[in-house]
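Architecture and fold: a report
Here's the letter readout for the chains.
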4 protein chains.
Amino acid sequence: MKALMKTGSEPGAELREVAVPEPGPDEVLIRVKATAICGTDIHIYSWDQYAQERIKPPMIFGHEGCGEVARIGSRVRGYAIGDLIAVETHIPCGECFQCRTGSQHICERMAIIGVHTDGVFAEYAKIPTSCCWKLPQGTNPDLGAILEPMGVAINGLLKEDINNKTVAIFGLGPIGQFGLAAAAFWGASRIFAVEPNAYRLDMARRLVPKATLLNPSERDEVKAILEATAGRGVDVSLEISGDPHGVKRAFQVVRKGGRVSLIGLPSKPIELDLTADIIYKEVRAYGSTGRLMWKTWYDTQKLLDSGAFDPTPIITHRFPLEKFDQALNLARSRQAGKILLYP
Amino acid sequence: MKALMKTGSEPGAELREVAVPEPGPDEVLIRVKATAICGTDIHIYSWDQYAQERIKPPMIFGHEGCGEVARIGSRVRGYAIGDLIAVETHIPCGECFQCRTGSQHICERMAIIGVHTDGVFAEYAKIPTSCCWKLPQGTNPDLGAILEPMGVAINGLLKEDINNKTVAIFGLGPIGQFGLAAAAFWGASRIFAVEPNAYRLDMARRLVPKATLLNPSERDEVKAILEATAGRGVDVSLEISGDPHGVKRAFQVVRKGGRVSLIGLPSKPIELDLTADIIYKEVRAYGSTGRLMWKTWYDTQKLLDSGAFDPTPIITHRFPLEKFDQALNLARSRQAGKILLYP
Amino acid sequence: MKALMKTGSEPGAELREVAVPEPGPDEVLIRVKATAICGTDIHIYSWDQYAQERIKPPMIFGHEGCGEVARIGSRVRGYAIGDLIAVETHIPCGECFQCRTGSQHICERMAIIGVHTDGVFAEYAKIPTSCCWKLPQGTNPDLGAILEPMGVAINGLLKEDINNKTVAIFGLGPIGQFGLAAAAFWGASRIFAVEPNAYRLDMARRLVPKATLLNPSERDEVKAILEATAGRGVDVSLEISGDPHGVKRAFQVVRKGGRVSLIGLPSKPIELDLTADIIYKEVRAYGSTGRLMWKTWYDTQKLLDSGAFDPTPIITHRFPLEKFDQALNLARSRQAGKILLYP
Amino acid sequence: MKALMKTGSEPGAELREVAVPEPGPDEVLIRVKATAICGTDIHIYSWDQYAQERIKPPMIFGHEGCGEVARIGSRVRGYAIGDLIAVETHIPCGECFQCRTGSQHICERMAIIGVHTDGVFAEYAKIPTSCCWKLPQGTNPDLGAILEPMGVAINGLLKEDINNKTVAIFGLGPIGQFGLAAAAFWGASRIFAVEPNAYRLDMARRLVPKATLLNPSERDEVKAILEATAGRGVDVSLEISGDPHGVKRAFQVVRKGGRVSLIGLPSKPIELDLTADIIYKEVRAYGSTGRLMWKTWYDTQKLLDSGAFDPTPIITHRFPLEKFDQALNLARSRQAGKILLYP
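Residues numbered from 1 in each chain as written. Chains lettered and ligands numbered in written order. Predicted model: local features only at pLDDT ≥ 70, side-chain atom pairs only at ≥ 80, totals over all residues. Heavy atoms only, no water.

A word on the sheet that holds strand β4 (residues 59-60) of chain B
Residues and elements named next belong to chain B. Heads up, the condition is: Whether two strands pair depends on DSSP finding at least two bridges between them. Where helices and strands are cited, they refer to DSSP runs of H or I of at least four residues and of E of at least two residues respectively, numbered from the N terminus.
Sheet architecture is open: three strands sit in the order β2-β1-β4, paired in antiparallel fashion. Strands at the two margins of the open sheet, each flanked by one partner only, are β2 (14-17) and β4. In the sheet, strand β1 (residues 2-6) pairs with β4 via two bridges, with the strands oriented antiparallel. Its bridge partner being in β4, Lys6 is matched across the sheet by Met59.

Here it is, written out as structure tokens:
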């Protein structure tokens, strides 16, 4: 089969012909129908520090994917050939305290598909059933491929009730776009979204016309949000940029007694004024990673099933797997929404 | 009456003879029986940046106090001459969103006794009834004077249930000592406490013998706590030092899915590794300031009433108000627990 | 002034000319602009057991009202002549544990306007400022008069997050209609509403067309709801009928792990199958009374301000105060929505 | 092997010699070291309506048990011969909404060991690994056998934080005794326990000397609890009797804003005064069944590990399996604590 591999300790990737994997006893083999590119894939492709610390080439990368069950491991129950599966990236051990108390997504011995094990940028992939989300038959595989990153946004969004609350979103990359749409769907009363990139602002404008979009290179977003909220600030900040500027602003614009969800991953430590921005305001800050297994998936499916929101416009480009260089470079450029790769 | 005043824009303070204040219609006049020195008072005395930004001399400072009702304002109901009162420092406006939804302690227009209005380092003080906590008759006024700072610790401690959880406390100044005692009282299953100051470690050892005390100048407290918790870290961190070292360690030693209460006030921004220490671990961080009005006071009173804990050993020195220089300098030296001043 | 009074220990009421009341020091006098009839008023008018146990004639009744501030008590701050006020019915003592920990609406020494003190069915009424909700200038007084019963529904609805949850509402009297509209506004994904009265079903159909209305005299509502939810039942039941049939059904149709809010007031004890309907399903049941002061009022105002929902169609009849007999008899007939009385 | 079986549709049971079962692929075979008698076993033995509706003879009953792993199914990982196991009774399907969102104990397709499948009153039993709790080596098997019913009490107790709250416990059968001990361990500030049976009161007196024990046949327990709480009632009621009298009293003695956990299983519907006892007081009522998998087991293990509480005195009788008639009749008499059977 074709597989996109990280073959050496250097930038780039390579499309290779490899054997179709054998599913283990608790795994299914899926024929991959659609995959999506995540920031992690760009790290791996670029071979930056994040990748160097985690990746052991040669390996197949990619972890956002959707496929049909093609073979079934010996111990597997409840799956049939042809079932459509979306892939959960986090492989829980199933035995630690976190796994046994409803927090498999922060398992103490977590492995990540496409990082610690072979991923989905290939014609076939073997997936543990503990990482399979069965999709309703007839689901567009493109949607199946983006449920995982949608879940990242939704997990952070729903750390507390969002409904009828004012929200500020920092960062409108693909996960930020999902967060924006999800905030609207879950009933935020007013949404501010902050992003310097014009391409992304354009996309957001079409996606949620009622949101107030702020370009921090044009105006001071803190001032704008405070003015619009009678000086109080918003009930909720969603930090999805991972950028020091965004993180600081997320805390500055939240009201006394408000909450911040930290979703974007800063690449280095960030200076925060804890006294003014967290302690005196009694702000609650939530680290948010991955998706609750499986609460977040049920929520994400609900959003899709409602018909209230069509996330496909967030998918802006589609490439065959062979054009991985073009796709990964485009993803790196920030001039795109979600980019799909088809093996 | 005698009153300890900040009279000029420079270090120091002055004991003056001034008129006994008239209680306003919603205030009671208390004859002050005991007061305690807080870090804020040291800021005011030292005339550092914190003080310069907030204090308008001449004014009487001091805000931790206990006294007997001596006169009653015209609109006041429910108070009688002789009632023993502990003072809540935060004056809520009573009309903003925070005040009307149970969060008066983070009132949008909050004033602070002894900072924005005349305080309690005086023979008499006028206190709005919205800041009065009636003590059971016969309460030792020394205890009444320290309920307010005890409440600071308890508010942060009880942001979530503490019972049967493992806890690490950073900083063993007086509020840290209260936090230590309160964590034991509220049922923490194991307590680590981190403090470099030998005097404070000694006090903690006597206060809660079962706590594991760690001096970070002697051993790596992160390593020690991780080793003692099978590498997982503690369920709860209480940051009461306000020190960058403590704040970072508080996040490093908390387990996946754990929580951190930020109580100590850093004097400047602190660099945090959000990705590793908050996001990937899905940590919840709570800013904590003042005391819930009046949930925290009920909790604090409960602790006293239980008889399970005698906080008086945390009071290490007592001075007449005249010896304020000696008392404030001792407080600044960190070679003391709680220091009381008697007008 | 004109006032509708309960003058004797027998059915009926009497319109009398009485002196305009003097506002006490913590009260404002309002010129009443609109009032609404509540079930409690029907009890008082009918002089049933509920009324006999609580009411001491002669007294003015009525408690749902809206008016303009006409005079201001001596201790009152923050109110001006002409301010438009909606009346909160529950007079909190301000000093008990409930009042001091954010639950004034279940004050240990609660009095109720129009039950324990003179009410609003009059040209003027004196209202403690602890029971005043200032309305935005220009608010329609009819809306002001129905915020209180809207709040009853909203308090029960929001005991937990409702958003994207399936909901069954039992009882579509005026509070049920408000509950229905509020459930839609707060984002319930699917709403079932159960009511035998055709008049009320008609009103509900116009108010929230997407709701599934069930007439239990035509079909088995438990069966219908279970069928529509793949046998699982709904996430949330709102019991607003107070009827034994409704209460039992509310527990029968809620799913495992779901919740029930009990809002309607049964007039006598009700038999419940706790084992099957609550314990084995681990259902959470919430008693709900009055409105959170003032969290619920903020929520209710938000609903109005959103423009998403116009509650005025729930007001079906308007009478001058003189026609009280006609109005109260109509209310008793259940062939009406909310009925307003204008003094 | 020896096995205690329900062989016919009539009262009684029979000790038979049967083949040692083969563990299925996801099961382990345990050599049973100790078992305990539960109320369910008395139902089965007595062949009452509960049993007739659920049990299909012939089958082995018993579900509270502890044993050593003797054989391991083909798909099982993480277990070794000799591991000591406590049995969780509820077999979750692993695939429904409840199972995938942290509520396996209220699985939509739950089966129960010893009710729907062969149980533990036998020399060997096969147990799905989804129902195995590994005990620390060296644990007394008697303790292992009673963790399951201890968990029933602890699940109900910890529906909300109990610490420093006043608690009333209704019913002091074995689960009530566990609840009593657990309430003390988890820091209840004051405990009332209500039970008419002198034998059980005696046991409770020794177990938690500081509890206030009330015999309702000697004094009105509602009056006694209200008097002792300044007329307010307790913060928390735990209903563990399943008796109509206890259930009603549990609601009557709880304070405004308090909560009730319903744990005991009433055998028929019970009349409740919802208006006075739940709605006007805004009480929260929680149905509680089984144990959270595995949060409650971690909590229960914590209680054991703390050394603060020795539950073995609640075990009052021990019999070899052969003496099952004597043991089951004793259990039925209510003149015993927990009764163990050894195969």
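Continuing now.
A closer look at the domain arrangement of chain A
All names here are of chain A. The cut-off we apply is this: For each domain, the first and last residues come from an automatic or database assignment. When checking whether two residues touch, look at their non-hydrogen atoms; a contact exists if any pair is within 4.5 Å. Once two parts are put together, the accessible area they lose, assessed with a 1.4 Å probe and summed over both, is termed the buried area. What counts as a salt bridge is simple: a side-chain nitrogen of Lys or Arg found within 4 Å of a carboxyl oxygen of Asp or Glu. For the purposes of these results, a polar contact is taken to be a pair of N or O atoms within 3.5 Å, where, inside protein, one atom must be able to donate a hydrogen and its partner to accept one; residues adjacent in sequence count only when each atom of the pair is a side-chain atom.
Splitting chain A by domain gives domain 1 (2-151 + 291-342) and domain 2 (160-287). With centres defined by C-alpha atoms, the gap from domain 1 to domain 2 works out at 28 Å. Contacts between the two partners involve 20 residues from domain 1, matched on the other side by 13 residues from domain 2. Approximately 1,400 Å² of surface area, both sides summed, lies buried where domain 1 meets domain 2, with 76% of it carried by carbon and sulfur atoms. Interface area lost by domain 1 to domain 2 is led by Leu303, Ile314 and Arg334, which between them contribute 36%. Our enumeration of links across domain 1 and domain 2 arrives at zero salt bridges. At the boundary of domain 1 and domain 2, one finds one residue pair in polar contact (both at pLDDT 80 or more). Elements represented by at least two residues in the side of domain 1 that touches domain 2 include exactly α4 (141-157), α10 (295-306) and β18 (315-320). If one sorts the elements of the side of domain 1 that touches domain 2 by residue count, α10 sits on top with four residues.

A look at unusual backbone geometry
Operational definition: For every residue, the accessible area obtained with a 1.4 Å probe (protein chains only) is divided by the maximum for its type, and the residue is called buried under 20%, exposed over 50%, and partly exposed between those limits.
Going from Pro57 of chain A to Pro58 of chain A, the amide bond is cis rather than trans, its omega being -5°. Residue Met293 of chain C is joined to Trp294 of chain C through a cis peptide bond whose omega torsion reads 15°. Relative to the assigned elements, Trp294 of chain C resides in the loop between β17 (284-287) and α10 (295-306). Positive phi values are uncommon outside glycine, yet Arg334 of chain B reaches one of about 70°. One can find Arg334 of chain B in the loop between α11 (324-333) and β19 (338-342). For Arg334 of chain B, a relative accessible area of 49% corresponds to the partly exposed category. The residue Asn164 of chain C is not glycine, and still its phi comes out positive at about 65°. Secondary-structure assignment places Asn164 of chain C in the loop between α4 (141-157) and β11 (166-170). Asn164 of chain C gets classed as buried once you look at its relative accessible area, which sits at 5%.

Observations concerning the packing of helix α1 (residues 39-46) of chain D against helix α11 (residues 324-333) of chain D
Residue and element names in this part refer to chain D. Put simply, the rule reads: Structural elements are reduced to axes, namely lines fitted to C-alpha atoms, with helices fitted over the stretch in contact, and the angle between N-to-C directions of any two is expressed from 0 to 180 degrees. Each angle receives one of four descriptions, namely roughly parallel if under 35 degrees, roughly antiparallel if over 145, roughly perpendicular if within 65 to 115, and oblique otherwise. The hand of a helix crossing depends on one turn: near helix anticlockwise from the far one by less than a right angle means left-handed, and clockwise means right-handed. Each residue receives one of three labels: charged for Asp, Glu, Lys and Arg, nonpolar for Ala, Val, Leu, Ile, Met, Phe, Trp, Tyr, Cys and Pro, and polar for the others, Gly being one of them.
Axis separation between α1 and α11 bottoms out at 10 Å; the angle between their running directions is 115°. Taken together, α1 and α11 sit at an angle that is classed as roughly perpendicular. Crossing geometry of α1 relative to α11 is assigned as left-handed. Here Asp41, Ile42, Tyr45 and Ser46 of α1 lie close against α11, whose contacting residues are Phe324, Asp325, Leu328, Asn329, Ala331 and Arg332. Each residue belonging to the contact of α1 with α11 can be placed in one class, and the counts come to five nonpolar, two polar and three charged.

Focus: the interface of chain B and chain A
With 40 residues of chain B in contact, the opposing surface of chain A contributes 40 residues. Summed over both partners, the interface of chain B with chain A buries about 3,400 Å², with 58% contributed by carbon and sulfur atoms. Counting the surface chain B buries against chain A, the share from its top three residues, Ile279, Tyr280 and Glu282 of chain B, is 20%. Across the chain B-chain A interface, the total number found is four salt bridges. A salt bridge links Glu282 of chain B to Lys159 of chain A, with the nearest nitrogen and oxygen atoms 3.0 Å apart. Run the count over chain B and chain A and you get 21 residue pairs in polar contact (both at pLDDT 80 or more). When contributions to the side of chain B that touches chain A are tallied by element, the ones reaching two or more residues are α2 (49-54), α3 (97-100), β15 (254-262), β16 (270-272), α9 (274-279) and β17 (284-287) of chain B.

Observations concerning the packing of α4 of chain A against helix α5 (residues 174-185) of chain A
Residues and elements named next belong to chain A. Viewed as axis vectors pointing N to C, α4 and α5 meet at an angle of 60°, and their least axial separation amounts to 8 Å. Compared by their axis directions, α4 and α5 come out oblique. Two packed elements cross with a definite hand, and for α4 against α5 that hand is right-handed. Here α4 contributes Ile146, Pro149, Met150, Val152, Ala153, Ile154 and Leu157 to the contact with α5, which in turn contributes Ile175, Phe178, Gly179, Ala182 and Ala183. Looking at side-chain class alone, the contact of α4 with α5 contains 11 nonpolar, one polar and no charged residues.

Structural notes on the relation of the copies chain C and chain D
Just so we agree on the cut-off: In this comparison the copies share one frame, found by least squares on the C-alpha atoms of residues holding pLDDT of at least 70 in both.
With an RMSD of 0.0 Å, chain C superimposes on chain D once it is rotated by 180° and translated 0.0 Å along the axis. Read as a symmetry element, the transformation amounts to a two-fold axis. The position closest to the rotation axis in chain C is occupied by the C-alpha of Glu271 of chain C, lying 2.0 Å away. A high fraction, 100%, of the interface residues of chain C reappear at the interface in chain D, so the copies pair face to face through one surface.

What to know about the interface of chain C and chain D
Facing the 40 residues of chain C at the interface are 40 residues of chain D. Between chain C and chain D, roughly 3,400 Å² of surface is buried when both sides are summed, and carbon and sulfur atoms account for 58% of that area. Applying the counting rule to chain C against chain D returns four salt bridges. Those elements that place two or more of their residues in the side of chain C that touches chain D are α2 (49-54), α3 (97-100), β15 (254-262), β16 (270-272), α9 (274-279) and β17 of chain C. Taken together, the residues of the side of chain C that touches chain D break down into 20 nonpolar, nine polar and 11 charged. For β16 of chain C and strand β16 (residues 270-272) of chain D, the ladder comprises three bridges, and the chain directions are antiparallel. Looking across to β16 of chain D, one finds that Leu272 of chain C is bridged to Ile270 of chain D.

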